[in-house]
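# Coordinates in review
Okay, here's what each chain looks like letter by letter:
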Amino acid sequence: MIEVQRPGHVSVVIVGGTGDLAKKYLWQGFFQLYINQVSSGNTFSFYGGGLSPADKATPLLFEILKAVSCSKDVSQERCALLKDQFLRLSQYRQLKTLEDYQDLAEHIKKQLQQEGMTEAGRLFYLSVPAFAYADIADKINNSCRPASGAWLRVVLEKPFGHDFRSAQVLASQLGSSLKDEEMYRIDHYLGKQVVTKILPFRIENKRFLDPIWNKQHIERVEIVLKETLDVKGRIPFYDQYGVIRDVLQNHLTEVMTLLTMRLPVNLSSSEEVLQNKLHIFSSLLPLEKNQAVIGPVPSHTNICSSANKQSCLCVSAVLAHIDQAQYEDVPILLISGKMLDERVGYARILFKNDIFCLQNHNSIHCKPKQIVFYFGHGSLQYPAILVSKNLFKPVLTDSEWKEVTEHTDVSVLGLSLSDYYVQTPTEQREAYTELISHIFAGRKNSFISTENLLASWGLWTPLLSTLSSSFPRIYPGGADNGDLLDVRLKGKDIRFNSEVVIISPDQMGSTSAGGFQVMQGKFRSADMVSAWAEELVERLAADIEELAEAAVRESGVFHLALSGGSSPLALFHRLALHHFSFPWRNTHVWMVDERCVPLTELESNFYTLHNHLLQHVRIPYYNIHPMPVQLNHRLCVEEDGGAQLYETEISKWVNGSSFHFVLLGVGYDSHTASLFPGTKVKEFGESLVALTESPVKPHQRMSLTFSAINRAQRVALLVMGKGKHELITQLSRVKDDPEKWPVTGVKPTNGRLVWYMDYDALLG
């Protein structure tokens, strides 16, 4: 909900106040906020903060402040007065050490006392690299919180991590200093006027859209952001992040959720909007290698580091599908790229056309039926919502929007502008200005919650892992691209339409992903299977299915125990999308370990398993066995006997308490399941399930013990990623010591242990 906030004094602090973002957008946005609020009963102080000393940075700050401007409806005289007041209320402060933040807090406190002002709140905008967020948040928490009754809002710029794990770590670090309601993760795309209008447009035109907003009528959805520029000036960023992390994972994914989410009953309820978005994430089918095509920076520009050529992706098209009856089999294309033919952004909903014009092919009835949310630039040059005239005339209830009736000779996505009903904002506003007003008002539905952030990375991280071994399409750039980047959809797969000759790694004399096959060997006296990540996951999935079929033939049932963490996600996706003959009806799924949180929370291992696998396969609900971490309305209390309850359930269903297959991961500290270094594993005795402690939050866990794991017929240890190479090197040298190196306690008594290790983990 929007906070009800009392008027009073507001302190605005831009950390990184003389940087590019602050110079281009932020100070202008805060000046506009000041203009809008100056007569509202609020007073303001503005601080530009940074690492530089005040004597050096103050002149830079005031050069920026002098460049702010007023909107057309403000007279020159009033604008001059407001600018003068704004400059008087602004100052630079060095914010480098904890003492600097303490000095700022003391300064604000004295100002409030001297002028007899009531504090309304403090707004910190962190326009700094993401690696500095946790440290600054800690300093704010320890020294700069306002007094009780006043609000604190801390604004964070993307990137919010580069994959699921890094986003999770950053969220945990920030969560130790700030409450979720105090954090405003900003995606400037959500401030674009057309994007903010998507939900209101859908609600206003509900009676027209409800009958056609479904798989029977929608042919496909396209969300596109094209740019003509290359990545010069952003080379280090693109070397690490690429276009998927820079654009698709955030901007385009957010637009997709707005187009497909269930409409909120109350549009002003941030909680409802964010929960409805989260529901879409949980319904998206996993993204795999065949759901994406990629291209690097055009080779002649030579601006990607040669060592990182494949990760420096500058064009990508991804095909997504939503596993809901409403959108079943509707293709959703997310496309973005640099050095393309034009700069334009739009979302198009293309509808099926069941009318055939026998003679008049130029009739409006035979032309494309579509709704276009046009973000700006391109041939139209202004933001607009366009509805083809063969659909319906949209409602216009918002005074901030107007209908365009005079059409220029422009074509938009295959239709002349005169073939559309066109609506555009009465006054164009910059996205950051819009979002700053939302932050001040406490409106959170235009920002990214922790849950939605992790759900998004949960979708994109497995795809990014599989693309490391893909061949990107080299393209020349601009108009010379021709049809080289056109794509074709085939079922749930996407590919480039035109074929090109690809030189294989063997021909090039290199040893990249395509140059290795699946390899078998030994590791710590156990069997080992090694391959590149994608081939490794394929092999593991095939091995599980083979074992499942054998178990069902022999005993009519297959007992599969799965662990949490990010490593198994690619496996879950593989099983869900490619193993349609897997005997799920005869399979019982058990948990290896669980965090002591409600099973409906994002941190729950079962929540992840359900979202990425169970809801996509036909498994009877009574064959699913989550760990009972929540009993009597409390979590993992020993007296409630949750561990004993799960042990009893295992003994009841699993013959000899011997699982057919147990899948484990290995943490950076060598923990496996939720058995961490220092855990007194001997104290568990013959118990199959125990409560354990993790060194990271949430600390309480429930886990299978080595007694349960080592009774299994097959145990797989899945280890993936370069980050695990150092651990693998250490494990190759150490002796068995389960309390120091927990994974060394995995030694099946009568079963078989197999290490599944990708080349990144094995070779570094």
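Model, not experiment: these values are computed from the prediction. (Residues numbered from 1 in each chain as written. Predicted model: local features only at pLDDT ≥ 70, side-chain atom pairs only at ≥ 80, totals over all residues. Heavy atoms only, no water.)

## So, the sheet that holds strand 24 (residues 593–595)
Spelled out, the test is: Strands qualify as paired when DSSP identifies two bridges or more between them. Working definition: helices are DSSP H or I runs of at least four residues, strands are E runs of at least two. Numbering for both runs from the N terminus. Axes here mean lines fitted to C-alpha atoms, for a helix over just the part in contact, with angles spanning 0 to 180 degrees between N-to-C directions. Any two residues whose heavy atoms approach within 4.5 Å are treated as being in contact.
Strand order across the open sheet formed by three strands is 24-30-29, with antiparallel pairing between neighbours. Both outer strands of the open sheet, strand 24 and strand 29 (689–693), are each paired with one neighbouring strand and no more. Pairwise comparison of adjacent strand axes, ignoring direction, gives a mean angle of 20° for this sheet. By the bridge criterion, three bridges tie strand 24 to strand 30 (residues 700–704) in an arrangement that is antiparallel. Residue pairing for strand 30: D593 is matched across the bridge by S703. Sitting on the sheet, helix 18 (residues 642–653) is in contact with strand 29 and strand 30, with an inclination near 145° to strand 29.

## Topic: the UniProt feature "domain: Glucose-6-phosphate dehydrogenase NAD-binding" (unreviewed entry) in the chain
Selection criterion: UniProt positions are given in the numbering used here, feature names are shortened, and annotations may be inferred rather than shown by experiment.
Feature annotation in UniProt assigns "domain: Glucose-6-phosphate dehydrogenase NAD-binding" (unreviewed entry) to the following positions: residues 13–195. As a span, residues 13–195 carries 48% helix and 19% strand, and end to end its C-alpha atoms are 27 Å apart.

## Quick word on helix 17 (residues 605–612)
Put simply, the test is: Each residue is assigned to one of three classes by its accessible area relative to the maximum for its type, calculated with a 1.4 Å probe on protein chains only: buried under 20%, partly exposed between the two thresholds, exposed over 50%. Contacts described as polar in this section are N or O atom pairs within 3.5 Å, which, within protein, must combine one atom able to donate a hydrogen with one able to accept it, while residues neighboring in sequence count only if both atoms come from side chains.
The buried fraction of helix 17 amounts to seven of the eight residues, a majority that puts the element mostly inside the structure. Along helix 17, the residues classified as buried are N605, F606, Y607, T608, L609, N611 and H612. Sitting at the head of helix 17, S604 places a side-chain oxygen 3.2 Å from the backbone nitrogen of F606.

## Points about the domain arrangement of the chain
Let me state the cut-off plainly: For each domain, the first and last residues come from an automatic or database assignment. Throughout, buried area stands for the accessible area (probe radius 1.4 Å) lost by two parts on being put together, summed over both. Throughout this description, the term salt bridge denotes a Lys or Arg side-chain nitrogen within 4 Å of a carboxyl oxygen of Asp or Glu.
Structurally, the chain comprises domain 1 (9–157), domain 2 (190–496) and domain 3 (553–763). Computed from C-alpha atoms alone, the centre-to-centre distance between domain 1 and domain 2 is 34 Å. Tallying the contact residues gives 18 residues for domain 1 and 10 residues for domain 2. Between domain 1 and domain 2, the buried area comes to about 1,100 Å², and carbon and sulfur atoms account for 77% of it. Broken down residue by residue, the surface that domain 1 buries against domain 2 is led by Y25, L33 and R153, which jointly contribute 36%. For the interface between domain 1 and domain 2, the tally reads zero salt bridges.

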